[in-house]
Amino acid sequence: MDIEIFPHRILGSDTTELLLNELESIDDVQRTVIHGPRFPKGEATLPDKYKERRVININGEDVVLQVKTARIFIELTMESTIKEIEEVCKKHIPFGFDINQDRANYIRKHKTVTDRIKYGSADLPDDLVGMTDQYSDFEKSCEYYQKR
């Protein structure tokens, strides 16, 4: 089953890093996807204290944060894990959030025609289905998995 965490405000990169680290440490969490607007291209000219696009560390792995976190989709196997996730969210999202479980699947699980068009003959691993950015190059999308 999938759930959606919908914060009442867009999360900053520091909050995103802390929240994802705690969510990923929960045993039942299978996959986590963050969704939101891309960072503006002109952000590179901002002073460092205003930059949100940066490398965050999730459970020991460096990940380049490409979007502002507006939604978090999580794949679970047990409904009882939602209570644990809610406690983590209360700790890191004090301004409020909703946890939605209205849909059966928020994260796409099966390869589609779009995947074939986007990635061509490249062998897309099953654990990447629904997790890549359709606007980026395949190599950049899979950089995390190439390191493993």
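In case you missed it, the structure is sitting above this.
Worth saying up front: this structure is predicted, and the values here are computed from it rather than measured.

Thresholds applied
Residues numbered from 1 in each chain as written. Predicted model: local features only at pLDDT ≥ 70, side-chain atom pairs only at ≥ 80, totals over all residues. Heavy atoms only, no water. Helix = DSSP H or I, 4+ residues; strand = E, 2+ residues; numbered from the N terminus. Buried < 20%, exposed > 50% of the residue type's maximum accessible area, 1.4 Å probe, protein only. Areas by Shrake-Rupley, 256 points an atom, 1.4 Å probe, with all protein chains shown as cover. Salt bridge = Lys/Arg side-chain N within 4 Å of Asp/Glu carboxyl O.

Further remarks concern the overall build of the protein chain. Each helix and strand counted, the protein chain has five helices and six strands in total. The N-to-C order of helical and strand elements in the protein chain reads β-α-β-β-β-β-α-β-α-α-α. A burial count over the protein chain gives 35% of its 148 residues as buried. Taken as a whole, the protein chain presents about 9,400 Å² of accessible surface, with 49% of it coming from carbon and sulfur.

Before going further, it helps to examine the pattern of salt bridges. Across all of its chains, the model carries six salt bridges by this definition. In this structure, the salt-bridge partner of K90 is E87, at a minimum N-O distance of 3.7 Å. Linking K90 with E87, this pair stays in helix 2 (residues 81–92), spanning three residues, or about one helical turn. For E87, a relative accessible area of 49% gives the class partly exposed. In the salt-bridge network here, residues are joined through shared partners; they are D14, E17 and R54.

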